[in-house]
Amino acid sequence: MTALPRVTTADQARADAGFHRALVELLYQAADDDLILAQRGAEWLGLVPHIEEDVAFSSITQDMTGHALALYQLLEELGEGQADHLAYFREPSAYRCAVLAERPNGEGTYLDSPRFDWAYTVVRQYVYQRFKRLRLEAMVKSRYQPLADLAEKMLREQFYHLYHWEVWMKQLTGRTEEAQRRMTEAWTRVLADAPSLSSLGPGEQEILSSGVLPWSLEKPFRQALEESARSYGLPAPNAWTMPEVNGRDGRHSPALPPMLEHMAEVYRIAPAGAW
Amino acid sequence: MSEERAQTAATTASTPAGGAFEPYLVFKQMEHRGPMESEYTVLAPNAEMALAMAQENFMRRQEAPYNLMVVRERDIVRLPEELRQALVRTMPRDYRSVPAYAHVARRWQELKLATGDDAPAPRR
Amino acid sequence: MRSVFDLPVEVDREDPRYQAFLDRIDRGEKIEADDWMPMDYRMQLVKLIAMHGISEIMGAFPEKEWVPRTPTLRRKLSLMAKVQDEVGHGQLLIRVAEDLIRPLGFTRDDLFNDLFAGRLKFHNVFHMPALNFADAALIGWLVDGAAIVTQRMLAQTSYAPYARALRRILAEERFHAFHGEDMAQTLAQGTPEQKAMLQDALNRWWDALLMFFGPPEHAGIKSNQDINIRYRIRSKTNEELRQEWLDKYVPQIRALGLQVPDETLHYDQAQGRWVYRHPDYSYLKNVIARNQGPRSQARLALRRAAFFDHAWVHEALAAQPLAAAGD
Ligand SMILES: [Fe+2]
Ligand SMILES: [Fe+2]
């Protein structure tokens, strides 16, 4: 891939159909991951176990929403349509988020009897940020210069996100029996979905061969999770089986369509209008 | 504390096993609601002694601060160097800044806030 | 359940420290947390600041309900940041209240238990439903506007830690005001449906907005205004604050082409004040103070869930590492 020249503008990218297709695919994956997991984060506002953490968590959620917006703007430049329209107004099957991002926070909804699971949230956020670090590091080496530049900026800011959840992982493991039980249970559930993150979907070959991403993320991600399991005293990720639906090919869990429906409830009143 | 005992303790502090004397950070506050400014440090056996000595060590001329504060240095937890990257902010956060909303005042002007109104002059 | 509000409030007015304290207040000096203060001063502060702080926390809910549905990413960011600020205001204020009750042997958890037991109230506006997206705009615009008027007055308070918290809060409120006005302007200049949403929100919120400032002085409802003014905790009356708010916002409401749902409202040039129809202030005492408003119980339930469902988190954080686990 080193032989392939850098692609520096959206116009150049659009001139190469295969490259363009692979690039758009990866951008949707990354943007949708951040958008959808940030939506889960936004549901937590005001419900977090500790006031100070409510504030800190919200900044991460805002940053993730900002990252999603920046990625949709790259897609906009590539001719995919207006950024908000991409965020709010696609069919569920057009979303490329990993199934892990869309899982509910727990039982109930944020409007009615939320029984949200903080252990699951900590573990999911941690595993996602661990993965996102690897994806951003790879994106920095992307052949598509605008993406490499953006990834570099996001990476520096994402440092806090991973660090924040590392602290929570450390604080909730190895403390009380109950916390250990809850964290182990959450870890097991998150691990079952973890392969959905590093999957690049049906376009994987093209994404890698075109140099949109320089390397596959699966191996480094599995390695990172093995290390995590060791440092937090959690079960090692033995099996690596893709969940039945992983999201990357547009097939999603039943949680996603109502989530999108809810998200766009107001947008639909005046699509593309000013709000 | 007698000078003799202080002497002994200070000597112990210089040997790792003793540890009775410790560095304290001194902060001064020049006025009532002013910031607490970090001064220098004193070696003291406890906070009370640190306070009692701090003033004349660092403020022995004219200045009379409103208040003084000491904190045992090892009670201060700093972000280690390898984590200081966490303080970096690269993406715009202008959505929460006042200058990003300059158009709001402009729109009120266009809407001619006060004209034809029975109200007093609007204030901002 | 133990409550700080059950403590006897005894003040020995013969105590020489009492007169010295009053002299300090009269000289315009500020009181710090570790200064001597009479018990009634301390308890007035606890009541005021804990209610203020808890209202910021409860006040996050009505707007937060619309964050996941906010229809553009940019607006979503600003609304989220705004709601986050409100939780942050709650944090600052509750910390100030905690420092006041700690010498009495009480903690943050006790304040939350007071909230759940109905002994610690939160502001009337946050008992109201936010039925459509324009409610989120109206809250940022007019409810924050009301809070700003009140907080600007309270920033002159004699209690220094409260004044410091308010200084930061007011700086952040400048963003809230612009954010709210921006949303209101955008909806009012949007489609007829958007404008109708905003008018509908105004109709539903008007009485609650007037009530926000509390009953006027001689409405026969007992208030703590007198003692608060003596101790220079506050410097203006409810009605003065309400008039200030009307001064600023009635012209804005009219400029947006919206109708105030009170046809008697007008500015009386001779008296130099607004004349308007007072809402039924007994609602504050009979409904709101009893947590029987439209959303009182539902929002308390949200707060309870945050508090009790996560007891295990607090236990884990307070615990020492288990022997087996290394750092
Ligand atoms: Fe606030
Ligand atoms: Fe506010």
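Residues numbered from 1 in each chain as written. Chains lettered and ligands numbered in written order. Predicted model: local features only at pLDDT ≥ 70, side-chain atom pairs only at ≥ 80, totals over all residues. Heavy atoms only, no water.

A. A look at the interface of chain C and chain A. Taken together, the contact pairs 52 residues of chain C with 52 residues of chain A. Counting the surface lost from both chain C and chain A, the interface buries some 4,800 Å², and carbon and sulfur atoms represent 65% of this. When the buried surface of chain C facing chain A is broken down by residue, R69(C), L73(C) and W312(C) rank first, second and third, together holding 16% of it. Run the count over chain C and chain A and you get three salt bridges. Put simply, R115(A) and D309(C) hold a salt bridge, and the shortest N to O gap is 3.0 Å. Between chain C and chain A we count 21 residue pairs in polar contact (both at pLDDT 80 or more) in total. Elements that contribute at least two residues to the side of chain C that touches chain A include exactly α2 (39-64), α3 (73-101), α4 (108-116), α6 (160-188), α7 (192-211), α11 (296-308) and α12 (311-318) of chain C. (Contact = heavy atoms within 4.5 Å. Buried area = accessible area lost by both parts, 1.4 Å probe. Salt bridge = Lys/Arg side-chain N within 4 Å of Asp/Glu carboxyl O. Polar contact = N/O pair within 3.5 Å; in protein donor to acceptor, adjacent residues only side chain to side chain. Helix = DSSP H or I, 4+ residues; strand = E, 2+ residues; numbered from the N terminus.)

B. Seen up close, the coordination of the iron ion (ligand 1). Residue and element names in this part refer to chain C. Protein-derived coordination of the iron ion (ligand 1) comes from E56 (OE), E86 (OE), H89 (ND1) and E173 (OE), at a distance range of 2.0 to 2.7 Å. Mapped onto the sequence, the donors of the iron ion (ligand 1) take the spacing E-x29-E-x2-H-x83-E. Between the iron ion (ligand 1) and the iron ion (ligand 2) the interatomic distance comes to 3.3 Å, and E86 is a ligand of both metals. One end of the pair, E56, is in helix α2; the other, H89, is in helix α3, with 33 residues separating them in the sequence. For E56, a relative accessible area of 8% corresponds to the buried category. (Donors = N, O, S within 2.8 Å, 3.2 Å for Na, K, Ca; no water. Buried < 20%, exposed > 50% of the residue type's maximum accessible area, 1.4 Å probe, protein only.)

C. Spotlight on the environment of F116(A). Tracing the backbone through its elements, the reader meets F116(A) in strand β2 (residues 115-116). You can call F116(A) buried: its relative accessible area is 7%. With 69 residues separating them along the chain, F116(A) and L47(A) place their C-alpha atoms 8.5 Å apart. Once you skip the residues sitting within four places of it in the chain, F116(A) turns out to touch E43(A), W44(A), L47(A), N105(A), G106(A), E107(A), G108(A), T109(A), Y110(A) and H310(C).

D. Summary view of the interface of chain C and chain B. The partner chain B presents 22 residues to the 34 residues of chain C that form the contact. Together, the buried faces of chain C and chain B total about 2,900 Å²; carbon and sulfur atoms form 53% of this surface. Between the two partners, chain C and chain B, sit three salt bridges. One salt bridge connects R107(B) with D182(C), and the closest N-O pair in it is separated by 2.4 Å. Taken together, the links from chain C to chain B amount to 10 residue pairs in polar contact (both at pLDDT 80 or more). Listed by contribution, the elements that provide at least two residues to the side of chain C that touches chain B are α3, α6, α9 (238-255) and β1 (266-268) of chain C.

E. Representation of the confidence of the model for chain C in the model. For chain C, mean pLDDT is 94; residues scoring 70 or higher make up 96% of the total. Our summary of model confidence lists the complex with pTM equal to 0.93 and ipTM equal to 0.96. (pLDDT = per-residue confidence, 0-100.)

F. Molecular detail of the pattern of salt bridges. Residue and element names in this part refer to chain C. For the structure on display, the rule yields 53 salt bridges over all chains. The closest approach of N and O atoms between R17 and D15, which form a salt bridge, is 3.0 Å. The salt bridge involving R273 is made with E239; its shortest N-O contact spans 3.7 Å. Of this pair, R273 sits in strand β2 (residues 273-275) while E239 sits in helix α9, and the two are 34 residues apart along the sequence. In this structure R273 comes out as partly exposed when scored by relative accessible area, which is 28%.

G. The arrangement of the packing of aromatic side chains in detail. The tally for this structure, following the rule as stated, stands at 32 aromatic pairs over all chains. For the ring pair F57(A) and W165(A), a centre distance of 5.1 Å and an interplane angle of 85° mean the geometry is edge-to-face. Separated by 108 residues along the polypeptide, F57(A) in helix α3 (residues 51-77) and W165(A) in helix α7 (residues 145-172) bring together distant segments of the chain. Across the pair, exposure class does not vary: F57(A) and W165(A) are buried alike. Here F21(C) and W36(C) contribute two aromatic rings whose centre-to-centre distance is 6.2 Å and whose plane-to-plane angle is 80°, an arrangement assigned as edge-to-face. You can see F21(C) sitting in helix α1 (residues 16-26) and its partner W36(C) sitting in the loop between α1 and α2, a full 15 residues away along the chain. Judged by its relative accessible area of 2%, F21(C) is buried. Taking relative accessible area as the criterion, W36(C) reaches 30% and is therefore assigned partly exposed. (Phe/Tyr/Trp six-rings, centres within 6.5 Å; stacked < 30°, edge-to-face > 60°.)

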